[in-house]
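# Observations on the model geometry
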Amino acid sequence: MTESESPLLSALALESDAGLLDPLSSGTEVAVQSSDAGYLRQLLEVEAAWTAVLADHGLVAPEHARAAAEATDPAQYDLIELAHAGQSGGNPLIPALKALRSRAGDAAQAIHIGATSQDIMDTAMMRMAGEVSATILADVRAAVGSLADLATEHRVTPMVARSLTQHSLPSTFGLRAAGWMSALVEAGRRLEAATAELPIQWGGAAGTMAALSSRVAKAHTNGTLDAGTDTFALVEDLAARLGLAAPAGPWQTNRMPVTGVAAALADVVAACGKIANDVLISARIENGELGEPQAPGRGGSSAMPHKQNPVLSVMIHAGALGAPSTLAQVLTAAGAANEERPDGAWHAEWPALRQLMRTAGGAAARTAELVSGLRVNTERMNENLHRVGPLLVSERLMAELAPVLEEQAGGDPGSGKARLQAIVDRSLVGSQGPEDDPDFRTLLRDALPDSVTDTELDELLDPANYTGEAATLVDRLVSDARQFAEWSTS
């Protein structure tokens, strides 16, 4: 890099996370929270908080804590310079600490006492995970609320259910929306659980807390630290100051706190992906049951002006395709963590975990927007429901009419099902042949005794009369979801 290029790169530092190749998360609150500047802020604030704890207990001067706190604005630092300098030590905390100390003046040696790089970085990552997850959960709750309204509105709106891509049985759109909602609720609860007690990481260079322990012992000997305050009390104070939990001990090579968060984030993406997949299929012109919210300039094609692409669902779908491999990287790194400080596995975890945060953040935000304005074409749903005709309720007919046909045939076991199957087969062949071939209802009417009236037969053949417990299921699922959507920590 030449000298003339350096100022240009520095000017672009704050735009380095713009997301040109990641439209799903670009511009979202989570993208800002998980940006390089956002993570640097967490690193600096952890260092400043630790200095403040030491000052509270008389281990460093109060003015040192104030100096550290005044140097926590990421705007004071050159991200590009820190990133390049981080290559020398293998992590960004080393140059960030050096830069922080240079700005803290006389307080320099009061910063980072008894800590190591991983303590600060893991703790900062946990704080960022908590901040990001709160944003994601707000969007998940918004989406759940919209879906609850949608499911309730359409609890008895008939549509065809599809299995293995084919028409299977009658259902309702309310039940499909409730299914989307239920998955989001479960994913949201898993993320809540994974981030409810995010732990501070504080173990020193090898997880023994030796440096801090020595400093505490010396302070006890000198009478500068209350005898009732030990190493663990200081760490607990720091955890409380940072809004984190204080575990029984360090977890520098036990990556379960990280894998738990990562898996929960991936669950959110998967739940959003399911919704997007269904919308993509249903928004096809030949299906036409659903449409994305319309917005000026959205969904256009550079070459085909007539197209209205479902871009929200496309972006969410893309995220759902990528999240599993990103989660696999986090899990692989956790399993490869060796001895008391991983030699690469820990480093491989950083970008993967952050990408999961961003993907989940983008998926939740786009899904909340998608379902809040989803366009439902009930006429097309009804048209598609009747596309197969009364054959769609063949399961019901087997249960209710096969015994009648069997009795008519003298009670020969299995004869009723065989006769009904033959009628189905003949109607399928007839539907592809001459127009004057009898349809399914006519064939069935001719085969049934007069004890089955035309009215009864028409009721049996109406798909809308065979949706089972769909409406009740919607009510039950919505009731559970409302509790999640309306809950808040405020």
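Up top is the structure these notes are about.
One structure accompanies this document, and this report is about it.

With that out of the way, let us pick up the overall build of the protein. When helices and strands are tallied, the protein shows 20 helices and four strands. In terms of C-alpha radius of gyration, the protein reaches 31 Å, well past the compact-globule figure of 23 Å for 490 residues. When burial is assessed residue by residue, the protein has 46% of its 490 residues classed as buried. About 23400 Å² of surface is accessible on the protein, with carbon and sulfur atoms providing 52% of the total. Of the charged side chains in the protein, 35 are positive and 62 negative, and the gap between their average positions amounts to 2 Å.

Here we come to the packing of helix α7 (residues 117-153) against helix α11 (residues 256-282). Contact geometry of α7 with α11 gives a least axis separation of 12 Å together with a crossing angle of 25°. Accordingly, the angle class assigned to the pair α7 and α11 is roughly parallel. Pair α7 / α11 crosses with left-handed handedness. Where α7 abuts α11, its residues M126, A129, I136, V140 and L147 lie against P257, V258, V261, L265, V268 and I275.

What follows deals with unusual backbone geometry. The general pattern is negative phi for most residues beyond glycine and trans for most peptide bonds. Although it is not a glycine, L164 sits at a positive phi angle of roughly 55°. Secondary-structure assignment places L164 in the loop between β1 (158-163) and β2 (166-172). Positive phi outside glycine occurs at T165, with the angle close to 75°. Structurally, T165 can be placed in the loop between β1 and β2. Overall, the relative accessible area of 67% leaves T165 in the exposed class.

Below, the discussion takes up helix α8 (residues 173-195). Compared with an ideal rise of 1.5 Å per residue, which puts 23 residues at 33 Å, α8 spans 33 Å between its outermost C-alpha atoms and is within 8% of the ideal. Every buried residue belonging to α8 is among F173, G174, A177, A178, W180, M181, L184, V185, A187, G188, L191 and T195, and all of these are buried.

So, how was this worked out
- Residues numbered from 1 in each chain as written.
- Predicted model: local features only at pLDDT ≥ 70, side-chain atom pairs only at ≥ 80, totals over all residues.
- Heavy atoms only, no water.
- Helix = DSSP H or I, 4+ residues; strand = E, 2+ residues; numbered from the N terminus.
- Rg over C-alpha atoms; globule rule 2.2 N^0.38 Å.
- Buried < 20%, exposed > 50% of the residue type's maximum accessible area, 1.4 Å probe, protein only.
- Areas by Shrake-Rupley, 256 points an atom, 1.4 Å probe, with all protein chains shown as cover.
- Lys, Arg positive; Asp, Glu negative; His and termini not counted.
- Charge placed at Lys NZ, Arg CZ, Asp CG, Glu CD.
- Axes fitted to C-alpha atoms, helices over the stretch in contact; angles between N-to-C directions.
- Parallel < 35°, antiparallel > 145°, perpendicular 65-115°, else oblique.
- Left-handed = near helix turned anticlockwise from the far one by under 90°.
- Contact = heavy atoms within 4.5 Å.
- Expected span 1.5 Å × (residues − 1).

Read these as spatial facts, not as claims about activity.
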